[in-house]
Amino acid sequence: MYKRILTIQDISCVGQCSLTVALPIISACGVEAAVLPSAVLSTHTGGFKGFTFRDLTEDLPAISAHWTKEGITFDAFYTGYLGSTKQIQYVRDILNAHGNPGAKKIVDPAMADNGQLYYGFDAAFVESMKGLVAEADIVLPNITEASFLTGIEYKEVYDEAYVKSQLEALVKIGAKAVVLTGVSYKPETTGVVVYENGNYRYYEHKKIAQGCHGTGDVYASAFVGAITRGIETYEAAKIAADYTVKCIENTIGDAKHWYGVKLETALPFLVNEIEAKAK
Ligand code: PXL
């Protein structure tokens, strides 16, 4: 069946993150992507100065009301960077109003990295994000975001027991499954942990560069595309990781491309993986 998902995140006009990343990647996976922009920024906030920011929070209820009149519903939801605390409540309402039976809610609590919240976010936003995570079928945080959500101290060096405590705390908040990204037990490798029904599975791969901007969005978009094509959670997590590594490999060495990753030329790899494994 042809699937249609709704992704809710910002448009950063320039910078290769959020919707400008989600649209090409989800389309390449053979899934129709409808969008609900949470805000419009001239660039992302991770390194550009003086960007514009138009919050679209108050547009959300009218958009949802129109969709209700038109009977518009979705097979899955993928939320990313959201613009305000109030917006999160509207997003929760939309996810509960416009799902087809069995529609999965996939939540990337895009708000922090490298031990710090992104520009403009505060403790109230984190509290509100916890409410969205509580309703998620799958949550995809990095270690920093997990720490903010769970209140467990952020660590740069950690062991499996620490990671498991984060996973359990995220499930306690209410997320049914967790895909924790950027889990690195050795300097030369990193990976993702899939935690589902109490099962811990780790996919380890090589670490190329520290902290490439937008890779969380690249990863989540490929994961969402794969899951929506019926690929099982661990396999989807693995495909998304391999694709993200290819995007980083495409980009390292080009200092002018500091703001994001060259995801476009790696799309044929993703298409092949998805078509080989889609159900
Ligand atoms: O990649 C996450 C992201 C999304 N949207 C905006 C951002 C960031 C990260 O900094 O600034 C606007």
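Before reading further, recall that the structure is shown in the block above.
## Side note on the overall build of the protein chain
When you go through the protein chain residue by residue, the secondary structure sums to nine helices and eleven strands. Here the protein chain has a C-alpha radius of gyration of 17 Å; the compact-globule value for 279 residues is 19 Å, and the two agree. In terms of overall dimensions, the protein chain has C-alpha extents of about 55 × 45 × 40 Å along its principal axes. The buried share of the protein chain, taken over its 279 residues, is 51%.

## Notes on the site of the ligand
The immediate surroundings of the ligand are formed by Asp10, Ser12, Cys17, Ser18, Leu41, His44, Thr45, Tyr81, Tyr118, His213 and Asp217. Measuring from a nitrogen atom of the ligand, one finds a side-chain N or O atom of Asp10 at 2.8 Å. Isolated, the ligand exposes 310 Å² of accessible area, and the fraction of that covered by the protein chains is 97%. Residue composition of the shell around the ligand, by class: four nonpolar, five polar and two charged.

## What about the pairing of strand 11 (residues 199-206)?
Bridging between strand 10 (residues 189-196) and strand 11 involves eight bridges; their strand directions are antiparallel. If you follow Tyr195 over to strand 11, its bridge partner there is Tyr200. What sits between the antiparallel neighbours strand 10 and strand 11 is a turn of two residues, in which Asn197 has the positive phi angle 50°.

## Considering the sheet that holds strand 4 (residues 74-79)
As summarised here, the arrangement of the nine strands in space is 3-2-1-4-5-8-9-10-11, forming an open sheet in which the pairing is mixed. Lying at the two open borders of the sheet, with one neighbouring strand each, are strand 3 (53-55) and strand 11. The pairing of strand 1 (residues 4-14) with strand 4 spans four bridges and is parallel. Residue pairing for strand 4: Leu6 is matched across the bridge by Phe77. In this fold helix 1 (residues 19-28) packs onto strand 1, strand 2 (32-43) and strand 4, with an angle of close to 135° to the strand it touches most, strand 1.

## A short note on the nonpolar core
Among the nonpolar cores identified, the biggest contains 43 residues, and Leu6, Met129, Val163 and Leu180 are the most heavily contacted of them. When sequence neighbours within four positions are dropped, the list of residues in contact with Val163 reads Tyr158, Leu180, Val183, Tyr185, Val193 and Tyr200. Of all hydrophobic cores here, the second largest spans 42 residues; its members include Ala28, Ala220, Ala241 and Ile274.

## A word on the packing of aromatic side chains
Evaluation of the coordinates by the stated rule reveals twelve aromatic pairs. Residues Tyr81 and Phe121 carry aromatic rings whose centres are separated by 5.2 Å and whose planes lie at 55° to one another, so their mutual orientation is tilted. Residue Tyr81 is located in the loop between strand 4 and helix 3 (85-97), and its partner Phe121 is located in the loop between strand 7 (116-117) and helix 4 (123-134); the two are separated by 40 residues in the primary sequence. An angle of 85° between the planes, with centres 5.9 Å apart, marks the rings of Trp258 and Tyr259 as edge-to-face. In textbook terms, an aromatic cluster arises when at least three aromatic residues are bridged by ring pairs, as seen for Tyr158, Tyr162, Tyr185 and Tyr202. Positioned above the aromatic ring of Tyr200 is the side chain of Lys164, whose terminal nitrogen or guanidinium carbon lies 4.7 Å from the ring centre. Sitting above the plane of the Phe269 ring, Lys246 keeps its charged end 4.7 Å from the centroid.

## Regarding unusual backbone geometry
Its identity as a non-glycine residue notwithstanding, Gln16 has a phi of 50°, on the positive side. On the secondary structure map, Gln16 appears in the loop between strand 1 and helix 1. The class for Gln16 is buried, based on a relative accessible area of 12%. At Asn114, a position not held by glycine, the phi torsion is positive, near 50°.

## What to know about the state of the cysteines
Applying the stated criterion across every chain yields a total of zero disulfides. Cys17 takes part in no disulfide bond, and the closest cysteine sulfur to it belongs to Cys13, at a distance of 10 Å. A relative accessible area of 5% places Cys17 in the buried class.

The rules behind the values
Residues numbered from 1 in each chain as written. Predicted model: local features only at pLDDT ≥ 70, side-chain atom pairs only at ≥ 80, totals over all residues. Heavy atoms only, no water. Helix = DSSP H or I, 4+ residues; strand = E, 2+ residues; numbered from the N terminus. Rg over C-alpha atoms; globule rule 2.2 N^0.38 Å. Buried < 20%, exposed > 50% of the residue type's maximum accessible area, 1.4 Å probe, protein only. Near = heavy atom within 4 Å. Polar contact = N/O pair within 3.5 Å; in protein donor to acceptor, adjacent residues only side chain to side chain. Areas by Shrake-Rupley, 256 points an atom, 1.4 Å probe, with all protein chains shown as cover. Nonpolar A, V, L, I, M, F, W, Y, C, P; charged D, E, K, R; others polar. Pairing = 2+ DSSP bridges. Contact = heavy atoms within 4.5 Å. Axes fitted to C-alpha atoms, helices over the stretch in contact; angles between N-to-C directions. Core = buried A, V, L, I, M, F, W, Y, C linked by side-chain atoms within 4.5 Å. Phe/Tyr/Trp six-rings, centres within 6.5 Å; stacked < 30°, edge-to-face > 60°. Lys NZ or Arg CZ within 6 Å of the ring centre and 35° of its normal. Disulfide = S-S within 2.5 Å.

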